[in-house]
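Per-entry structural report
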Number of protein chains: 2
Amino acid sequence: MTSLKDDYTLLAPGPVNLHPEVRKALALPMIHHRTPEFDKIFKSTLNDLKKIFQTEQDVYMLSCSGSGGMECLLINLLRPQDKVLCIINGKFGERWAQMAETYGAQVFTITTAWGEACTVEQISEHFSQHPDTQLVLCQACETSTAVANPLQEIGAFVKNTQALFLVDGITAVGAYDIPMDAWFIDGLVAGSQKAFMLPTGMAFVSFSQKAWERVENNRNPRFYFDIRKEKEANQKGESFFSANVSIIRALQVVLNLILQKGLQNHFAEIHRRAEFTRTFIQRLGLKLYAQSPSDSVTALTLPPQVDGQKLRQHLEDTYRVTVMGGQDQARGKIIRVGHMGYIEDRDLKRFILCLLEGIRSFDSAFLKGLTLESLDQEMEKWLKEHP
Amino acid sequence: MTSLKDDYTLLAPGPVNLHPEVRKALALPMIHHRTPEFDKIFKSTLNDLKKIFQTEQDVYMLSCSGSGGMECLLINLLRPQDKVLCIINGKFGERWAQMAETYGAQVFTITTAWGEACTVEQISEHFSQHPDTQLVLCQACETSTAVANPLQEIGAFVKNTQALFLVDGITAVGAYDIPMDAWFIDGLVAGSQKAFMLPTGMAFVSFSQKAWERVENNRNPRFYFDIRKEKEANQKGESFFSANVSIIRALQVVLNLILQKGLQNHFAEIHRRAEFTRTFIQRLGLKLYAQSPSDSVTALTLPPQVDGQKLRQHLEDTYRVTVMGGQDQARGKIIRVGHMGYIEDRDLKRFILCLLEGIRSFDSAFLKGLTLESLDQEMEKWLKEHP
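Residues numbered from 1 in each chain as written. Chains lettered and ligands numbered in written order. Predicted model: local features only at pLDDT ≥ 70, side-chain atom pairs only at ≥ 80, totals over all residues. Heavy atoms only, no water.

**Re the overall build of chain A**
- Within chain A, the regular secondary structure consists of 13 helices and 15 strands.
- Expected size for 387 residues packed as a compact globule is a radius of gyration near 21 Å; at 21 Å, chain A falls within 12% of this value.
- Along the first, second and third principal axes, the C-alpha set of chain A runs to 65 × 55 × 35 Å.
- The buried share of chain A, taken over its 387 residues, is 64%.
- Total accessible area computed for chain A in this model is approximately 13,900 Å², and 47% of it derives from carbon and sulfur atoms.
- Charge separation in chain A, taken as the distance between the mean sites of 42 positive and 45 negative side-chain charges, equals 3 Å. (Helix = DSSP H or I, 4+ residues; strand = E, 2+ residues; numbered from the N terminus. Rg over C-alpha atoms; globule rule 2.2 N^0.38 Å. Buried < 20%, exposed > 50% of the residue type's maximum accessible area, 1.4 Å probe, protein only. Areas by Shrake-Rupley, 256 points an atom, 1.4 Å probe, with all protein chains shown as cover. Lys, Arg positive; Asp, Glu negative; His and termini not counted. Charge placed at Lys NZ, Arg CZ, Asp CG, Glu CD.)

Right under this line is the structure:
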C-alpha cells in the first residue's frame, strides 16, 4: 500500500521537484563565468537547448523569470502602434496582453472561456479584418487552466501572413512535443523551473529568421532584454551579462539526462504521468477542467461542495503534498497538478489517494464504496500495464 | 608553509566563493513559492535586507543579474528627455550611461581617468550649468577599476537639488558601509553574486521616499522591472513574478550569518582582507591601480614586462586560482582580486604567493632575494597581529 505521508511531494506546475543530480550540481563550489571550465558548459548547453526547442536557430539564456522571457520576445519584436493579437485562455494570456499594451501595442484579443482552447478559425477571422496584424501572442499551455492551444494549426496559418507567431512555452517546452521550426513558431520562450527541472531564475528564448529581421530593424528602446547584445556575446562564447553559473551548470545535467534518454522517450514519460492522472481523476468521478488538456499540467474540477482553496491547504498541511489551486475566476473550483520534474510512480499514486482522502475530509460520503487499498491496487495495475 | 596548490580558489570580484551553508541550502529539495514555509522565508529576507541596505525603505528582490537591477532603478525613475548626469570611472559607468541614453535620457558625463574617483566639485560644477538635472548615476565601487566613489559627499550635495542620486552598489553593498538613508541615496542596487555570497541571478533594489514620488508619476513604459507591481505584491507577502526560491532560501542563510556576526563586524572582516591584500601587493613592489581603493576588490598594476592576461591565465592553469584581469583600456595591465564571499586566511596568503611565483614565471629576476617561506612568515605575522 502506498504511504499517504512522505517527506514532501511537490506536484505543482512549476517550480517542480528537482532531480537528485540537479541538487548535487547546485551544491557545487562556485566557479567564475569567465573560465575555460564554464566556457565549455556554456557552449554545450546553448547547443543542446536547440535540440529541446527543435530549432536550427540559436537559443538564448536569460537571467529572469518566465515573464522576463515573455518581455524579451515582445520588446525585441514589437514596434509601438503595431497591431497585436493576443489569445487569452487565462491569467498568463492576460499578462502578455497587458505587457503588449504597456509597450504601446494596439491590442486585439481572442478570449476563450476558461478551460477552452482557441481555434484557428477565430484567428483567421481576426486576420480577415486586420491583415496588418504584426504579432500573434499565444500560450502553448495556459498554466492557470491547463489548456493546450493548437499551436501547429496556428503556426501553419500565421506563416502565410506578415505577422510573427510568438509562443509562451513556459509550461510546455521540454514537457511535450513543440517543434519550433516545423510548426513555424517565430518566437518561443521556456522557463527553467518547469520541464527543465531547475530552480526558478532563467528563461530560454529563440527567434525564427523571419523574426530576426524584425529584431534588427526594431528601434524600440531596450537594454537588459536586448537580444542583439546577447547574440553578439554568444558568438564570442560569452554571455553579455554575468551568467547564472549555478543554474546553467545544473541545466547541463538536465539536458544530458533528457538527451541520453531521447527527447521523445522523455515526452512519453511525462505523457504517461498525465494519462495516469487524467484516468484516475475521472475514476474518482471528477471532471477535467481543460477541454484540450496539456501533458504538462492537469486541472480537475472539484465537486461543488468542496472548496478548492481549503482542499489545497489541507493537502499541504496534512500530507505535505503541494499542488496548486485555481487562480482568479477558477479560484476555489479547481486543483492543478503538474507532471514535470522529478516525479516517481509513488508520487502519482500518493496524490490520487491524498486527493480522495482530502475530498472525504470535506464530504465524508464521497465515493463511500471505494477503499484506499482497492484504489491503490487499480493504480498499481495501470502503472504495470503502461510501463 | 601555505600550499600553493589547492582544489580551487575563487577570488574574483563576483561571483564569489560560496559559504558551505549556502551550498547546503542550494541543494535542498525544491519547495513552492506559494507555501507557508516559503512565505516565512520571503518575509524575513525582505526584512533583513533592509538592515544591510541600512534603510527604513522597503527592499525588493528581482530575478535578474546586477545590470537588470540597474535597469530597474533607471526605468522606474527616468522620464525621456530628462537630463541625467553619469559618473564614469570605468566599464560599468559606461554601461549605465548607455542604458540611460537607450531609454531617451539627455546624458551628461563626468569621466574620470581609469583608477580615479570623481569629486563632488565636478558634480557641483555640472549642476551650476544644469540645475534641472533629474538623475545622478554613480557606481559605489567601479568593478573594472576597483575605485570607490565618495558617496557620502555626493549624497549630501544631491539632496539639496531636485535630482535623485542612484547608486550601483553591486560590488559594494554588504561589503562595506553604505548607509542608504544616512547618505541620502535615492536608489540603490545590490547583486546576489557579490557580498551576498550567492550565485548570480538576483538583484536587490531600494528607493528613497523622494524617489517613490517619481516612480508613481512616471509614465515610462515598463513591465518586468515595474517596481510598483512588486511593491503591491510584497505588501500581500508575495512576489509578483515566480520567486527565485533557491537563491532566496540561501539568502536567508547569508543574512543570518551576517546579522548574527553584526554588520560592522562583517565589514571589518572584509576590510581586513582588503588591507592584507593592499599591504602585501605593495610589499611585492606593486602599485594599487585605484587611487581611492574599495574594500570589496583590489586592482594591482603589474610591472610593464608582465602581460596581465597571460598572468591571469597562468594563475588559473597552474594554481587554479581565479582572479580577474583588466577590461578594456586596463586589459593586460592589471589584476583584480575580490575580497567578498567565503574567504579564509589561507586563500589570502595563497594568492600573494601564487602572484609572486606567477610574476616570476614571466620575469625570473623579480624580487630575487625574497623566498616564499619568508614571505609566508611575514603574512602569518600580519594576520596574527590583525585578528
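Having put the structure on the table, let's press on.
**Observations concerning the sheet that holds strand E10 (residues 202-207) of chain B**
All names here are of chain B.
- Taken in spatial order, the 7 strands line up as E2-E10-E9-E8-E5-E3-E4 in an open sheet, and their pairing is mixed. Each of the sheet's edge strands pairs with one partner strand only, and the pair in question is strand E2 (59-63) and strand E4 (106-111). In this sheet, adjacent strand axes meet at a mean angle of 20 degrees when their direction is disregarded.
- Alignment of strand E8 (residues 164-168) against strand E9 (residues 187-191), held across 3 bridges, turns out to be parallel. Within E9, the position partnered with Leu 166 by the bridge is Gly 187.
- Its contacts with the sheet place helix H6 (residues 151-158) against strand E5 (135-139) and E8, and it is angled at close to 160 degrees to E8. (Pairing = 2+ DSSP bridges. Axes fitted to C-alpha atoms, helices over the stretch in contact; angles between N-to-C directions. Contact = heavy atoms within 4.5 Å.)

**Let's talk about the pattern of salt bridges**
- Evaluation of the coordinates by the stated rule reveals 44 salt bridges over all chains.
- For the salt bridge of A:Glu37 with B:Arg320, the shortest nitrogen-to-oxygen distance reads 3.5 Å. Here the residue A:Glu37 occupies a position in helix H2 (residues 36-53), and B:Arg320 occupies one in the loop between helix H11 (308-319) and strand E13 (321-322), the pair thus bridging two chains.
- Here A:Glu37 falls in the partly exposed class, since its relative accessible area comes to 39%. (Salt bridge = Lys/Arg side-chain N within 4 Å of Asp/Glu carboxyl O.)

**Some thoughts on the interface of chain A and chain B**
- Across the contact, 52 residues belong to chain A and 52 residues belong to chain B.
- A per-residue breakdown of the area chain A buries against chain B is headed by A:Met30, A:His32 and A:Phe223, which together make up 17% of the total.
- For the interface between chain A and chain B, the tally reads 2 salt bridges.
- The tally of links between chain A and chain B comes to 16 residue pairs in polar contact (both at pLDDT 80 or more).
- Counting only elements with at least two residues in the side of chain A that touches chain B, the list comes to helix H1 (20-26), H2, helix H3 (66-77), helix H4 (91-102) and helix H11 (308-319) of chain A.
- Here the side of chain A that touches chain B gets 4 residues from one element, more than from any other, and that element is H4(A).
- Split into classes, the residues belonging to the side of chain A that touches chain B amount to 25 nonpolar, 18 polar and 9 charged. (Buried area = accessible area lost by both parts, 1.4 Å probe. Polar contact = N/O pair within 3.5 Å; in protein donor to acceptor, adjacent residues only side chain to side chain. Nonpolar A, V, L, I, M, F, W, Y, C, P; charged D, E, K, R; others polar.)

**Description of the side chain of B:His19**
- Relative to the helices and strands, B:His19 resides in the loop between strand E1 (9-10) and helix H1 (20-26).
- Discounting chain neighbours no more than four positions away, the residues touching B:His19 are B:Leu257 and B:Tyr342.

**Some thoughts on the relation of the copies chain A and chain B**
- Of the transformation placing chain A onto chain B, the axial shift is 0.0 Å and the rotation is 180 degrees, giving an RMSD of 0.0 Å. Interpreted geometrically, this transformation is the action of a two-fold axis.
- When the interface residues of chain A are mapped onto chain B, 100% of them again lie at the interface, so the same face is used by both copies. (Least-squares fit on C-alpha atoms with pLDDT ≥ 70 in both.)

**Considering helix H13 (residues 372-385) of chain B**
Residues and elements named next belong to chain B.
- For H13, spanning 14 residues, the distance from its first C-alpha to its last is 20 Å, which sits close to the expected 20 Å at 1.5 Å a residue.
- Of the residues making up H13, those classed as buried are Leu 372, Leu 375, Asp 376, Met 379, Trp 382 and Leu 383. Buried residues of H13, viewed axially, fall in a sector of 125 degrees; they line one side. Turned more than 90 degrees off the buried face of H13, the exposed positions are Gln 377, Lys 381 and Lys 384.
- Turning to H13, the residues buried within the fold contact helix H10 (263-283) and helix H12 (345-362). (Expected span 1.5 Å × (residues − 1). Arc of directions from axis to C-beta.)

**Comments concerning the packing of H10(B) against H13(B)**
Residue and element names in this part refer to chain B.
- Close contact between H10 and H13 brings their axes to 11 Å; oriented N to C, the two are set at 150 degrees. Crossing of H10 against H13: the hand is right-handed. Note on element contacts: H13 touches H10 through Leu 375, Glu 378, Met 379, Trp 382 and Leu 383, opposite Arg 272, Glu 275, Phe 276, Thr 279, Phe 280 and Arg 283.
- Tallied by class, residues from the contact of H10 with H13 come to 6 nonpolar, 1 polar and 4 charged. (Left-handed = near helix turned anticlockwise from the far one by under 90°.)

**What to know about the sheet that holds strand E12 (residues 297-301) of chain A**
Residues and elements named next belong to chain A.
- Pairing within the open sheet is antiparallel, and its 4 strands lie in the order E11-E12-E15-E14. Two strands in the sheet have a free side with no partner beyond their single neighbour: strand E11 (287-288) and strand E14 (324-325).
- As paired strands, E14 and strand E15 (residues 334-338) are joined by 2 bridges and run antiparallel to one another. For Gly 325, the partnering residue across the bridge sits in E15 and is Ile 335.

**A look at the pairing of E10(B)**
Residue and element names in this part refer to chain B.
- When you tally the buried positions in E10, you get 6 out of 6 residues, the bulk of the element.
- What you see with E10 is no split at all: Met 202, Phe 204 and Ser 206 on one side and Ala 203, Val 205 and Phe 207 on the other are buried throughout.
- Bridging between E2 and E10 involves 5 bridges; their strand directions are antiparallel. Bridge pairing in E10 places Leu 62 opposite Ala 203.

**Some words on the packing of aromatic side chains**
- The final tally for this structure, using the stated rule, is 25 aromatic pairs over all chains.
- Ring centres of A:Tyr60 and A:Trp212 lie 6.2 Å apart, and the angle between their planes is 70 degrees; on these two criteria the pair is classed as edge-to-face. Of the two residues, A:Tyr60 sits in strand E2 (residues 59-63) while A:Trp212 sits in helix H7 (residues 209-217), which places them 152 residues apart along the sequence.
- On the accessibility criterion, A:Tyr60 (1% relative accessible area) is buried.
- Each ring, one from A:Phe225 and one from B:Phe225, has its centre 5.8 Å from the other, and the planes form 15 degrees; the classification is stacked. Highlighted residues: A:Phe225 in the loop between H7 and helix H8 (227-235) and B:Phe225 in the loop between helix H7 (209-217) and helix H8 (227-235), drawn from two different chains. (Phe/Tyr/Trp six-rings, centres within 6.5 Å; stacked < 30°, edge-to-face > 60°.)

**What about the nonpolar core?**
- Ranked by size, the top nonpolar core spans 150 residues in total, and within it A:Phe196, A:Phe204, B:Phe196 and B:Phe204 carry the most contacts.
- Sequence-distant contacts of A:Phe196, that is, excluding residues within four places in its chain, are made with A:Leu49, A:Ile52, A:Phe53, A:Val173, A:Ala190, A:Gly191, A:Phe204, A:Leu251, A:Val254 and A:Leu255.
- The next biggest cluster of nonpolar side chains, apart from the first, holds 72 residues, and it includes A:Leu74, B:Leu62, B:Ile75 and B:Ala105. (Core = buried A, V, L, I, M, F, W, Y, C linked by side-chain atoms within 4.5 Å.)

**Concerning the confidence of the model for chain A**
- With 100% of its residues at a pLDDT of at least 70, chain A reaches an overall mean of 96.
- For this predicted complex, the interface confidence score (ipTM) comes to 0.96, while the overall pTM stands at 0.97. (pLDDT = per-residue confidence, 0-100.)

**With respect to unusual backbone geometry**
Residues and elements named next belong to chain A.
- Each neighbour pair has its own omega, and for Gly 14 with Pro 15 the value is 0 degrees, a cis peptide bond.
- Along the chain, Pro 15 turns up in the loop between strand E1 (9-10) and H1.
- Backbone geometry places Met 197, a non-glycine residue, at a positive phi of 55 degrees.
- The topology assignment puts Met 197 in the loop between strand E9 (187-191) and strand E10 (202-207).
- The class for Met 197 is buried, based on a relative accessible area of 6%.

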